Amino acid sequence: MEFKDYYEILGVARDADEKEIRKAYRRLARQYHPDVNPGNQEAEERFKEINEAYEVLSDPEKRARYDQFGRDWQRYRETGAPGGFDWSQYTQQPGGPRVQYTYTTAEDLNDLFGEEAGFSDFFETLFGRAGFGQRGAPRTRAARPRQGQDIEQPVQVTLDEAYHGTTRLLTKDGRRLEVKIPPGVRNGSRVRMSGEGAPGVGGGPAGDLYLIVEVLPDERFERRRDDLYTGIEVPLLTAVLGGEVTVPTLTGNVQLTIPPETQNGRLFRLRGKGMPRLHNPTEPGDLYATVTVRLPTRLSDRERELFEQLRTLQGRGER
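Source: prediction; values computed, not measured.

## Section: the overall build of the protein
Here comes step 1: If you tally the helices and strands in the protein, you get 9 helices and 11 strands.
Here comes step 2: Pairs at least 24 residues apart make up 58% of the contacts formed inside the protein by residues separated by at least 6 positions.
Here comes step 3: For the protein, the accessible area works out to roughly 19700 Å², and carbon and sulfur atoms hold 48% of it.

Structure follows, in structure tokens:
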């Protein structure tokens, strides 16, 4: 009989608490759910294995029985004792007590794969053959109405689309769905489409579809939450004497007044020119523009002469 390491299957420590076990199960169940991996036999088997592990480790009585068995099995393997492992104290004898179980998770193997899905021989040997009565006659069980599995779908948008909002067309079960992505979405934002997930079980409602947003990098702007950062080149004379420069925004260029003697690296704040806030678009973030002073090149003789004069004046402390 192959030993099943349920802790390893869920990727948790042997002293993991109920919360850790439930969190690991939910993550793996979403990853290997048949609705997410249609026609993938390997994912199906992994999903069944994950459910079996959770069925045992989420039940204190089953977990205690399994842990005791695991310790005895480990000692048997380490000592290399002759003969086979003694299953008698663990195997359910005919007519003896049987452990009945009910899934407390959102998934049920029999509902998904039919009565033939079952559990591994290891599970049935340790806990009894679920789904059968004392005399071995099949027991019919009606599926409990349950909501279908939620489905996640990644989607990429540009920074401009994240600013203005956009739509995406999806194809599901032969239908075309138009999904509206609101202004202000960030990396990791979840856009919900109610009832467009996996179908429900036993007459239960369908799950939801979630678009997981990735906002693509933009060469013009760096985004920090709802604020934007950009760089602007300012000619030397404008930085010294003052003037106006053009600053790009996601709604078009604007003019920024540069005061005299503006230093390289100075940061200017343009209020309300950042990203719209996802749940409060009337109060957008800000745009910050960092000055890079652009020095003149290919000076004429006259320009060089004037700069020499300026250096002389600066050296004398004259203004």
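## Describing the pattern of salt bridges
Here comes step 1: Overall, the coordinates contain 20 salt bridges when judged by the stated rule.
Here comes step 2: For the salt bridge of arginine 175 with glutamate 196, the shortest nitrogen-to-oxygen distance reads 2.8 Å. Pair noted here: arginine 175 is in strand β3 (residues 175-181) and glutamate 196 is in the loop between β4 (190-193) and β5 (209-215), with a separation of 21 residues, a long-range link.
Here comes step 3: Since its relative accessible area comes to 37%, arginine 175 is described here as partly exposed.
Here comes step 4: On the accessibility criterion, glutamate 196 (15% relative accessible area) is buried.
Here comes step 5: In the salt-bridge network here, residues are joined through shared partners; they are Arg186, Arg223, Asp226 and Arg277.

## Observations regarding the environment of isoleucine 232
Here comes step 1: Positionally, isoleucine 232 belongs in strand β7 (residues 227-235).
Here comes step 2: On the accessibility criterion, isoleucine 232 (4% relative accessible area) is buried.
Here comes step 3: C-alpha separation for the pair isoleucine 232 and valine 291, spaced 59 residues apart in sequence, amounts to 5.3 Å.

Rules used throughout
- Numbers given for residues are sequential positions, taken from 1 along each chain in its written order.
- Given that this is a predicted model, residues contribute local features only at a pLDDT of at least 70 and side-chain atom pairs are listed and counted only at 80 or more, while totals for whole chains, interfaces and linings are drawn from all residues.
- Side-chain numbers come from the whole structure's heavy atoms, not from hydrogens or water.
- Starting at the N terminus, helices and strands are each numbered in turn, a helix being any DSSP run of H or I of at least four residues and a strand any DSSP run of E of at least two.
- Contacts are assigned to residue pairs that have any heavy atoms within 4.5 Å of one another.
- Each accessible area value is a Shrake-Rupley result obtained with a 1.4 Å probe; residue values ignore everything except the protein chains displayed when judging cover.
- By convention in these notes, a salt bridge is any Lys or Arg side-chain nitrogen within 4 Å of a carboxyl oxygen on Asp or Glu.
- Burial classification: accessible surface area is computed with a 1.4 Å probe over protein chains only, and a residue below 20% of its type maximum counts as buried, one above 50% as exposed, and the rest as partly exposed.

Without other data, these values stay purely geometric and don't point to any function.
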